[in-house]
Amino acid sequence: WREWTIDPAEHFYYIWLQVMIVPIVYNWVIIILTCFTTIGLNYLPVWLTLDYVSDLMYAADMTVTLHTGFLDQGILITNLTRLRKRYLHSKQFLWDFVSLLPTDFLYFAFGIETPLVRINRLLRIPRLSEALDRMETRTSYPNTFRITKLMIYIFVLIHWNACLYFALSNYIGFGSDRWVYPNITDPTFASMRRQYFYCFWFSAQIFTTVGDTPLPNREEEYLFMIADLLIAVLVFASIVGNVGNVITSLRDRDNVFFPNHIMRENEILQQLPLHMRTEIAVSVHLPTLTKVTIFQNCETSLLEELVLKLTPQVFSPGEYVCRKGDVGHEMYIIKEGKLAVVADDGVTEFAVLGAGNFFGEISILNIKNKLGNRRTANIKSIGHSDLFSLSKEDLTDVLSEFPAAKRHLEEKGRQILVKMGMLEERTDVVEPEAEKVETKIKRLESILEELQTKLARLMVELESSNRKMRARVEQLELRVAMLDTQLPHDGQGGEGSLGREEGVGGEVDWVREEAEGEEEKD
Ligand SMILES: Nc1ncnc2c1ncn2[C@@H]1O[C@@H]2COP(=O)(O)O[C@H]2[C@H]1O
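Remember, it's a predicted structure, so these values are computed and weren't measured experimentally. The residue numbering used here restarts from 1 in each chain and proceeds along that chain's sequence as written. Per-residue local features of the predicted model are confined to residues with pLDDT of at least 70, and side-chain atom pairs are confined, for both listing and counting, to 80 or more; whole-chain, interface and lining totals are unaffected and use all residues. Hydrogen atoms and water are omitted, and side-chain values are computed over all heavy atoms in the structure.

Chemist: Explain the packing of aromatic side chains here, please?
Modeler: Geometry of an aromatic ring pair is reported as the spacing of the ring centres plus the angle between the planes. Aromatic contacts are taken between Phe, Tyr and Trp rings whose centres are within 6.5 Å, Trp giving its six-membered ring; a plane angle under 30 degrees counts as stacked, one over 60 as edge-to-face, and the others as tilted. Evaluation of the coordinates by the stated rule reveals 24 aromatic pairs. The interplanar angle of 70 degrees and the centroid separation of 6.1 Å between the aromatic rings of Trp-4 and Phe-12 together place this pair among those described as edge-to-face. For every residue, the accessible area (1.4 Å probe, protein chains only) is compared with the maximum for its type, and the residue is labelled buried under 20%, exposed over 50%, or partly exposed between those bounds. Given a relative accessible area of 34%, Trp-4 falls into the partly exposed group. Residue Phe-12 is classed as partly exposed on the basis of its relative accessible area of 37%.

Right, dumping it as C-alpha cells:
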C-alpha cells in the first residue's frame, strides 16, 4: 500500500473528504462546549474517546493527502517521491502537522477540565472548506447547500459566543448581576440543558441584533457586548450578501452549473456586438496565440480576426484528438496541456507537443503526401488539455492574408512528412504543374494569333463591302438622274421599260459585283 496513490477526481477521495467533515466539525463544536464544566466533566469518557478517534482520523487524513496525486500541466502526477516532496514543502502540511501536535500532554499541567489545550485541532479548517467546496460543485441543489452552509457557520458562531458568555459569567460570578448567567445553584438554572439553551438564546439575541439582552454593568461585560455587536454587524452583512447572491444565481439558474460551459461561452459571445466580442476574445485568447510561432510576427489586427475563428476544445487524459487516416477538417493550437504523437499501438510516442505548439495542418493544407487529405498521425492527449481548433475554411481565409504563416506551416508540414518518408517528391509535384501552365499559355497564344488573323480578314472584308456599297449607291443615283432626264411623257410604257431595264441592269450589276467580291476574297 506504500505505492498506493489516489486520483483527486475519483469518488474515494470525495467520500474521504466528506468523512473528514465529522472530526473537524466535532472539534470546532466540542472543544469550546467544555466551557460548560458540568457538560465537560459529566461526559468526560465520551469526549476523551471521541477526541482520540478524531486524532486518528486526522493522522489518516495526512496519509491520504500524502498519497493524493496532483495535476501538473494537465497531467496527473502519481510519483510518490514527488507527491511526498510537494506535501512536505506545502503550507498545508504545516497546518496539518500543528493541528496534530499532542498538546493533550498539557492536561498534566492544567488539569483534565481544560480541553482548550486541544485548540490547535481547529487548524484543520482548510480541509473542511475543501470538502464543502467539493460538495457544492457536486450537489444538485447548490443554492440550498449555500444557505445551509451559512446557517451552520452562524450556528457555530452563536455556539462559541454562548460558551464564552457562560465562561465569562463563571469568571464574574453566576447571578452577580442581571447580565451574567443566573445563579446555577438555583434549581431553575442548574440543569445542563438549561445552562446551554439560556446561553445560546442570549448569544443569538446579540447576533441577530434583536438587542433585547440585559444591559451590561461591568467593564468586562461592556467589552464582551461591544465585540459581539461588531461581529453581529459582520454576520448581518454576510447574511444579506450571501442570500443576495443566492437569489441572483437562482435568477440565472441556467448559468450556475452549465455542464458544457465552452459551448455556452460561445453562445454568449455570439450575442455581443462584434467589437465587444473581439475585445473579449482578444483578451482571453491572445496570450495563447502570441505563443504560437507562426503567428508571432503577425499584425494585431489580423490576430484579432483570427481569435474570433478559434473554437476552444477540452480533451481528457488518454483521449485521441485525431487518428491516422481520418479526413482532416481542422487544425489545432495547444493552449495548455501536453499531447503525444503516437504510433498505432497508442503507446510509442514519436513526439510530445506542448503549449504554443500546433498540429493537424498537413491534412488540410494540401501538402502532397501519400495519404492525401487524411491525418498522417495519431494525436493523444496525455493529461487534460485545452486546445483551440481552426476549421479548414477559416484557416484558408486567414492564410490568404498571412502568406508568411502559410509558408511556415507548409514548411513545418513538409519537414514532418520528410521525417516520416511520406512526402511525395517535390519535383514530381511541381514540374508537371509548371509544364501544364506552360502548354496552356502556348495554346492560348496560338488561339489568340488565330483570332487576330480572323479579325484582320473581317476588317478587310468589311471595308471592301463598304466601298462596293458606296459605289453601287453612286451608280444607282447616276442612273436615276439619267432616267429622270429621259422620262417619256406617257407614263405607262416608260414605267414598264424602266422596270425591266432596271431589273435586268440591276441583276447584271449585282452578279458582277458578287463576282468581284469573290475575286477579292480569293
Ligand atoms: N513526428 C511528428 N512530430 C510533430 N507533429 C507531428 C508528427 N507527425 C504528425 N504530426 C502532426 O500530427 C498531425 C496529424 O494530422 P495532420 O496529418 O493533419 O497533421 C499532423 C502534424 O501536424
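That shown, we press on.
Chemist: Got a minute to help me understand the site of the ligand in this structure?
Modeler: We call a residue near a given molecule or strand whenever any one of its heavy atoms falls within 4 Å of it. Lining the immediate environment of the ligand, one finds 13 residues, of which Gly-360, Glu-361, Ser-363, Arg-375 and Thr-376 sit closest. Arg-375 has a polar side-chain atom sitting 2.9 Å from an oxygen atom of the ligand. Any pair of nitrogen or oxygen atoms within 3.5 Å is treated as a polar contact; in protein, a donor-acceptor pairing is required on top of that, and neighbouring residues in sequence qualify only through side-chain atoms on both sides. Thr-376 places a side-chain nitrogen or oxygen 2.6 Å from an oxygen atom of the ligand. Relative to its unbound accessible surface of 460 Å², the ligand loses 95% to contact with the protein. Broken down by class, the residue content of the shell around the ligand amounts to 8 nonpolar, 3 polar and 2 charged. To be clear on the numbers: accessible area is Shrake-Rupley with a 1.4 Å probe, and residue cover counts the displayed protein chains and nothing else. Any residue outside Ala, Val, Leu, Ile, Met, Phe, Trp, Tyr, Cys, Pro, Asp, Glu, Lys and Arg is labelled polar, Gly included; the first ten of those are nonpolar and the last four are charged.

Chemist: It is not clear to me how the pairing of strand S7 (residues 349-353) should be interpreted in this structure. Could you clarify?
Modeler: Side-chain direction in a regular strand flips from residue to residue, so the side chains alternate between the two faces of the sheet. A pair of strands counts as paired when DSSP detects no fewer than two bridges linking them. Going along the chain from the N terminus, every DSSP run of H or I of four or more residues is numbered as a helix, and every run of E of two or more is numbered as a strand. As paired strands, strand S6 (residues 339-342) and S7 are joined by 4 bridges and run antiparallel to one another. Residue pairing for S7: Leu-339 is matched across the bridge by Leu-353. If you look at the hairpin formed by S6 and S7, you'll find 6 residues sitting between the two strands, and Gly-346 has a positive phi there, around 80 degrees.

Chemist: Would you mind going over the UniProt feature "transmembrane region" (unreviewed entry) in the protein chain with me for this structure?
Modeler: In this structure's numbering, the residues bearing the UniProt feature "transmembrane region" (unreviewed entry) are residues 12-44, 56-81, 93-112, 150-174, 195-211 and 223-243. The distance separating the terminal C-alpha atoms of residues 56-81 is 24 Å; by composition the span is 50% helix and 23% strand. This span, residues 150-174, is 92% helix and 0% strand, and a straight line between its end C-alpha atoms measures 33 Å. UniProt positions are given in the numbering used here, feature names are shortened, and annotations may be inferred rather than shown by experiment.

Chemist: I keep staring at the side chain of Asp-96 and nothing clicks. Help me out?
Modeler: As for its position among the elements, Asp-96 is in helix H5 (residues 91-99). Relative accessible area serves as the criterion here: at 4%, Asp-96 is assigned to the buried category. Within the local environment of Asp-96, its side chain forms a polar contact with the side chain of Tyr-87, the two groups lying 2.6 Å apart. Any two residues whose heavy atoms approach within 4.5 Å are treated as being in contact. The contacts of Asp-96, once residues within four sequence positions are left out, are Met-62, Tyr-87 and Arg-124.

Chemist: Please explain the pattern of salt bridges as it appears in this structure.
Modeler: Side-chain pairs of opposite charge can arise whenever the charged atoms involved come near each other. For salt bridges, the criterion is a side-chain nitrogen of Lys or Arg within 4 Å of an Asp or Glu carboxyl oxygen. As enumerated under the stated definition, the model contains 14 salt bridges in all. Between Arg-218 and Glu-220 there is a salt bridge, and its shortest N-O distance comes to 3.3 Å. Owing to a relative accessible area of 35%, Arg-218 belongs among the partly exposed residues under this scheme. Taking the shortest distance from any N to any O, the salt bridge between Glu-330 and Arg-375 comes out at 3.9 Å. Here Glu-330, found in strand S5 (residues 330-336), pairs with Arg-375, found in the loop between strand S8 (358-359) and strand S9 (378-381); they are 45 residues apart in sequence, far enough to count as distant. Given a relative accessible area of 23%, Glu-330 falls into the partly exposed group. A relative accessible area of 4% places Arg-375 in the buried class.

Chemist: What exactly am I supposed to notice about the packing of helix H15 (residues 392-401) against helix H16 (residues 403-420) here?
Modeler: At a minimum axis distance of 5 Å, the contact between H15 and H16 shows a crossing angle of 120 degrees. Between H15 and H16, the crossing angle belongs to the class labelled oblique. Residues Leu-395, Leu-399 and Glu-401 of H15 pack against Pro-403, Ala-405, Lys-406 and Leu-409 of H16. Each axis is a line fitted through C-alpha atoms, taken for helices only over the stretch in contact, and angles between the N-to-C directions span 0 to 180 degrees. In this scheme, roughly parallel covers angles under 35 degrees and roughly antiparallel covers those over 145, while 65 to 115 is roughly perpendicular and the rest are oblique.

Chemist: Sorry if this is basic, but what is going on with H5 here?
Modeler: For an α-helix, 3.6 residues make a turn, and residues three or four places apart therefore share a direction. Those residues of H5 that fall on the buried side of the exposure criterion are Phe-93, Asp-96 and Ser-99. Across the axial projection of H5, the buried residues extend over an arc of 135 degrees, all falling on one side. Within H5, the exposed residues directed more than 90 degrees away from the buried face are Lys-91 and Leu-94. Looking at the buried side of H5, the elements it contacts are helix H3 (44-66) and helix H4 (80-88). This arc corresponds to the set of directions leading from the helix axis out to the C-beta atoms.

Chemist: What am I meant to see in the sheet that holds strand S10 (residues 385-391) here?
Modeler: Strands belonging to one sheet form pairs held by backbone hydrogen bonds; the direction of such a pair is parallel or antiparallel. Spatial strand order, S3-S10-S5-S8: 4 strands in an open sheet with antiparallel pairing. Each edge of the open sheet carries a strand with a single partner, namely strand S3 (311-315) and S8. When S5 meets S8, the two strands line up antiparallel, connected through 2 bridges. Along S8, the bridge assignment pairs Ile-333 with Phe-358. Contacting S5 and S10, H15 crosses the sheet at an angle of about 70 degrees to S10.

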